[in-house]
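Understanding the architecture of this molecule
If you want the building blocks of each chain, they are given just below.
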Amino acid sequence: MAKNELGPMPVHVGVIMDGNGRWAKKRGLPRKFGHREGAKTFRKIVRHAKAIGIKYITFYAFSTENWKRPDDEVQSIMKLFEKYLDELDDFLKEHVRIRFIGDRSMLTETLQAKMKRSEELSKDYDLMTLILAINYGGRDEITNAVKLIAEDVKAGNIEPSEIDENLIQSRLYTAEIPDVDLIIRPSGEQRLSNFLIWQSAYAEYYFTDILWPDFSKKDLEKAVEVYRDRHRRFGGV
Ligand code: FPP
């Protein structure tokens, strides 16, 4: 009889925090209240991910397309980032390594300085890596990598024939971060929306109708279980 056991934990989980606006609307509240609740859920899920043994977790916090939102909504999300970046010090105490991916040049200097500080202070921690995608877009990331490689070719450091997948990977914002294994998207939408498009080539997807502010520790466990079930090991002979 074949032994039927759950497969390994996902090493890297990606989360698209979607549904904040609808959560607020359902309650007759302005959208920014949804983001505020969403940020609380973020904090809770980071802690739980660490507790259940996830090594890397990336949250899609702000996309390169999100600037198109009304100015007051963008401002309230940026304020939340500043507030939570201060709170990231609590994660530092828990030995969580913090990384940011995305184009930082459009963010305020205060925010950029706080991001740099969190990364520097936490760079040697290895219990878990928390990655925040801010002003991130997968196509933008690949475009940026192509520019960096073109510069190297122009400078004569690389021959075009030397360009391979590993080289491209090494120029992405996620260089040194393993590919994502599981992508969770709440709120009923079933698309990737330009999130980790290179890194998700072999990822599994978990979709749920729950809106992000309502996403619970149990929902994270469920997603991980579904992933492990898809990778069941049929051991034995
Ligand atoms: C998508 O929901 C959510 C965002 C674009 C913003 C995510 C930001 C946060 C959760 C707050 C801060 C995060 C951190 C890391 C402190 P939506 O607004 O598109 O929702 P909708 O689809 O219901 O309109």
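To keep things clear, this report deals only with the structure shown in the data block.

Thresholds, definitions, all that
Residues numbered from 1 in each chain as written. Predicted model: local features only at pLDDT ≥ 70, side-chain atom pairs only at ≥ 80, totals over all residues. Heavy atoms only, no water. Helix = DSSP H or I, 4+ residues; strand = E, 2+ residues; numbered from the N terminus. Rg over C-alpha atoms; globule rule 2.2 N^0.38 Å. Buried < 20%, exposed > 50% of the residue type's maximum accessible area, 1.4 Å probe, protein only. Contact = heavy atoms within 4.5 Å. Areas by Shrake-Rupley, 256 points an atom, 1.4 Å probe, with all protein chains shown as cover. Lys, Arg positive; Asp, Glu negative; His and termini not counted. Charge placed at Lys NZ, Arg CZ, Asp CG, Glu CD. Expected span 1.5 Å × (residues − 1). Arc of directions from axis to C-beta. Phe/Tyr/Trp six-rings, centres within 6.5 Å; stacked < 30°, edge-to-face > 60°. Lys NZ or Arg CZ within 6 Å of the ring centre and 35° of its normal. Near = heavy atom within 4 Å. Polar contact = N/O pair within 3.5 Å; in protein donor to acceptor, adjacent residues only side chain to side chain. Axes fitted to C-alpha atoms, helices over the stretch in contact; angles between N-to-C directions. Parallel < 35°, antiparallel > 145°, perpendicular 65-115°, else oblique. Left-handed = near helix turned anticlockwise from the far one by under 90°. Nonpolar A, V, L, I, M, F, W, Y, C, P; charged D, E, K, R; others polar. Salt bridge = Lys/Arg side-chain N within 4 Å of Asp/Glu carboxyl O.

**Quick word on the overall build of the protein**
Within the protein one finds 7 helices and 8 strands. For a compact globule of 237 residues, the expected C-alpha radius of gyration is about 18 Å, and the protein comes in at 19 Å, within 12% of that figure. The principal-axis extent of the C-alpha atoms belonging to the protein is close to 60 × 55 × 35 Å. Counting all 237 residues of the protein, 45% fall into the buried class. For the protein, long-range pairs separated by at least 24 residues make up 77% of all intrachain contacts whose partners lie at least 6 apart in sequence. With an accessible surface of roughly 12,700 Å², the protein has 51% of that area assigned to carbon and sulfur atoms. Averaging the coordinates of the 39 positive side-chain charges in the protein and doing the same for the 38 negative ones gives two points 6 Å apart.

**Details of helix 4 (residues 109-122)**
For helix 4, with 14 residues, the first-to-last C-alpha span of 20 Å sits near the 20 Å given by 1.5 Å per residue. Among the residues making up helix 4, those that are buried are Leu-111, Met-115, Ser-118, Glu-119 and Ser-122. When helix 4 is viewed along its axis, its buried side chains cluster within an angular range of 95° and face the same direction. Among the exposed residues of helix 4, those pointing more than 90 degrees away from its buried face are Glu-109 and Lys-116. Residues of helix 4 that are buried sit in contact with helix 3 (71-93) and strand 4 (96-101).

**Topic: the packing of aromatic side chains**
Considering all chains together, one arrives at 11 aromatic pairs under this definition. Here Tyr-205 and Phe-207 contribute two aromatic rings whose centre-to-centre distance is 6.1 Å and whose plane-to-plane angle is 5°, an arrangement assigned as stacked. With a relative accessible area of 29%, Tyr-205 lands in the partly exposed category. Among the aromatic residues, those joined into a cluster by ring pairs are Phe-42, Phe-59, Tyr-84, Trp-212 and Phe-215. The ring centre of Trp-23 lies 4.0 Å from the NZ or CZ of Arg-27, which sits over that ring. Between Arg-36 and the ring centre of Phe-33, over which it is positioned, the NZ or CZ distance is 4.7 Å.

**Digging into the site of the ligand**
In the vicinity of the ligand lie 19 residues, with Met-17, Gly-21, Arg-22, Arg-31 and Arg-69 positioned nearest. Within the side chain of Arg-31, an N or O atom sits 2.9 Å from an oxygen atom of the ligand. Arg-69 is positioned such that a nitrogen or oxygen atom in its side chain is 2.8 Å from an oxygen atom of the ligand. When the ligand sits alone it has 620 Å² of accessible area, and the protein chains cover 92% of it. Secondary structure elements with two or more residues in the shell around the ligand: helix 1 (20-26), helix 2 (31-51) and helix 3. In terms of residue count, helix 2 provides more of the shell around the ligand than any other element does, 5 residues in total.

**A short note on the packing of helix 2 against helix 7 (residues 217-230)**
Helix 7 packs onto helix 2 with a crossing angle of 50° between their chain directions and a minimal axis gap of 9 Å. Accordingly, the angle class assigned to the pair helix 2 and helix 7 is oblique. Between helix 2 and helix 7 the crossing geometry is right-handed. Listed contacts from helix 7 to Lys-44, Ile-45, His-48 and Ala-49 of helix 2 are Lys-217, Leu-220 and Glu-221. Residues of the contact of helix 2 with helix 7, tallied by class, amount to 3 nonpolar, 1 polar and 3 charged.

**Looking at the pattern of salt bridges**
Enumeration over the complete set of coordinates arrives at 19 salt bridges. Ionic pairing is found between Glu-73 and Arg-69, a salt bridge with its closest N-O pair at 2.8 Å. The class of Arg-69 is partly exposed, set by a relative accessible area of 31%. Here Arg-104 ties to Glu-119 by a salt bridge, and the two come within 2.9 Å at their closest N and O atoms. Linking Arg-104 in the loop between strand 4 and helix 4 with Glu-119 in helix 4, this pair joins segments that are 15 residues apart in sequence. Relative accessible area serves as the criterion here: at 24%, Arg-104 is assigned to the partly exposed category. Salt bridges here are not isolated pairs; linked through shared partners, they connect Asp-18, Arg-22, Arg-185, Glu-189 and Arg-191.

Read these as geometric descriptors, not functional statements.
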